[in-house]
Amino acid sequence: MTDASVTTWTRDVEDALRAMGLEVGDEFKLIDAYRCVPLLSKLHPNNSNVEAKIRQQLQVLNHNGVLRFLDNNGNYQLLRWLNQEE
């Protein structure tokens, strides 16, 4: 179940993670998510701080049970997708 904090940005970051080829259960690093900056910059040309927005949206995805933080060093695990039943 998702909550109202899910925005277009949240879905765009999730879509970018999908485009990276991540599958449920995969682990990834924050630096991997930063590879999405060019795509997200094109989708949101008025945002000049895309890396911070990615970090924010990873927090939202964590809050919604899509991923979990493995540690405080920027390591994550994908648990499910937003539209996937729990």
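What you see is a predicted model, and the numbers here were worked out from it, not measured in a lab.

Caption draft 1: The arrangement of the packing of helix 1 (residues 8–19) against helix 4 (residues 50–63) in detail. Relative to each other, helix 1 and helix 4 sit at 90°, their axes nearing to 9 Å. Considered as vectors, helix 1 and helix 4 are oriented roughly perpendicular to each other. In contact with Trp9, Thr10, Val13 and Leu17 of helix 1, helix 4 contributes Val50, Lys53, Gln57, Leu58, Val60 and Leu61. Of the residues belonging to the contact of helix 1 with helix 4, the class tally is seven nonpolar, two polar and one charged.

Caption draft 2: Up close: the sheet that holds strand 1 (residues 27–29). Judged by pairing direction, the sheet is antiparallel, and its three strands sit side by side in the order 1-3-2 without closing on themselves. Unpaired on one side and paired on the other, strand 1 and strand 2 (67–69) mark the two borders of the sheet. Looking at each pair of strands side by side, their axes are set apart by 30° on average, direction ignored. Pairing of strand 1 with strand 3 (residues 75–78) involves three bridges; the strand directions are antiparallel. Counterpart to Glu27 in the pairing with strand 3 is Gln77. Sitting on the sheet, helix 4 touches strand 1, strand 2 and strand 3, and the angle it makes with strand 2 is about 110°.

Quick notes on the rules
Residues numbered from 1 in each chain as written. Predicted model: local features only at pLDDT ≥ 70, side-chain atom pairs only at ≥ 80, totals over all residues. Heavy atoms only, no water. Axes fitted to C-alpha atoms, helices over the stretch in contact; angles between N-to-C directions. Helix = DSSP H or I, 4+ residues; strand = E, 2+ residues; numbered from the N terminus. Parallel < 35°, antiparallel > 145°, perpendicular 65-115°, else oblique. Contact = heavy atoms within 4.5 Å. Nonpolar A, V, L, I, M, F, W, Y, C, P; charged D, E, K, R; others polar. Pairing = 2+ DSSP bridges.

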